[in-house]
Amino acid sequence: MDLLEEYRRATFFFESGDPLGAARLLEPIVEAEPQNAAVRQLLARAYFNSAQLNGAETQLRALIEHDPSDHYAHHVLGRTLERAGRFREALPHLRLAAAMKQQTDYQEALRRVETWLGKNESA
């Protein structure tokens, strides 16, 4: 198997709106090259976009374990946990991402989770 060609195909599938197809192509690549952060990140995004939240969480935690300063992995892990309804677990990752990089979508996700938690604590 030509891993680079498979990665290119997976990227095409992902960008064409087929995250399931992308994930199927990326899974064996991650197995063959577990330290390749770009492949793992794309697989995490494919899982997230196809609502395979456990798979996304696993890949994102592996990325963070390898590089704790990966703000994007923290952000997407926070979004994954948010989407799963695990707001308290999402909050530290969203805070870290927002602190590491000033980006509008990071701030919006953080505010959304803080608001949700605030409303539910006062109820």
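Starting afresh in each chain, residues are numbered from 1 along the sequence in its written order. In keeping with the predicted nature of the model, local features appear solely for residues at pLDDT of at least 70, side-chain atom pairs appear and are counted solely at 80 or more, and the whole-chain, interface and lining totals rest on all residues. Where side-chain values are given, they derive from all heavy atoms of the structure, hydrogens and water being excluded.

- Per an unreviewed UniProt entry, the protein chain goes by Tetratricopeptide repeat protein and derives from Actinoplanes ianthinogenes.

1. Re the packing of helix H4 (residues 53-66) against helix H5 (residues 71-83)
And step 1. In this description, a line fitted to the C-alpha atoms serves as the axis of each element, helices being fitted only across the stretch in contact, and the angle between N-to-C directions of two axes falls anywhere from 0 to 180 degrees. A run of H or I in DSSP counts as a helix once it spans at least four residues, and a run of E counts as a strand once it spans at least two, with each numbered from the N terminus. Running from amino to carboxyl end, H4 crosses H5 at an angle of 155°, the nearest separation of the two axes being 9 Å. As summarised for this structure, H4 and H5 are arranged roughly antiparallel, according to the angle between their axes. In this structure, H4 crosses over H5, and the sense of that crossing is left-handed. On H5, the residues that touch Leu53, Ala56, Glu57, Leu60, Arg61, Leu63 and Ile64 of H4 are Ala73, His74, Val76, Leu77, Thr80, Leu81 and Arg83.
And step 2. For this classification, the nonpolar set comprises Ala, Val, Leu, Ile, Met, Phe, Trp, Tyr, Cys and Pro, the charged set comprises Asp, Glu, Lys and Arg, and every other residue, Gly included, is treated as polar. Of the residues in the contact of H4 with H5, the class split is nine nonpolar, two polar and three charged. Angle categories: roughly parallel below 35 degrees, roughly antiparallel above 145, roughly perpendicular from 65 to 115, and oblique for all the rest. Note: crossing handedness is left-handed where the near helix turns anticlockwise from the far helix by less than a right angle, and right-handed where it turns clockwise. Note on contacts: a residue pair is in contact if any heavy atoms of the two residues lie within 4.5 Å.

2. Quick notes on the packing of aromatic side chains
And step 1. Pairing of aromatic side chains requires ring centres within 6.5 Å, counting the rings of Phe and Tyr and the six-membered ring of Trp. Pairs whose planes differ by under 30 degrees are stacked, by over 60 edge-to-face, and all others tilted. With the rule as written, the count across this model stands at two aromatic pairs.
And step 2. Ring geometry for phenylalanine 87 and tryptophan 116: centres 3.8 Å apart, planes at 20°, overall stacked. With phenylalanine 87 in helix H6 (residues 87-100) and tryptophan 116 in helix H7 (residues 104-122), this pair connects stretches of sequence that are 29 residues apart.
And step 3. Accessibility here uses a 1.4 Å probe with only protein chains present; expressed as a share of the type maximum, an area under 20% marks a residue as buried, one over 50% as exposed, and anything in between as partly exposed. Taking relative accessible area as the criterion, tryptophan 116 reaches 37% and is therefore assigned partly exposed.
And step 4. Each ring is checked for a lysine NZ or an arginine CZ that lies within 6 Å of its centre and within 35 degrees of its normal; such an atom marks a charge sitting over the ring. One residue, arginine 83, lies across the ring of phenylalanine 48, its end atom 4.8 Å from the ring centre.

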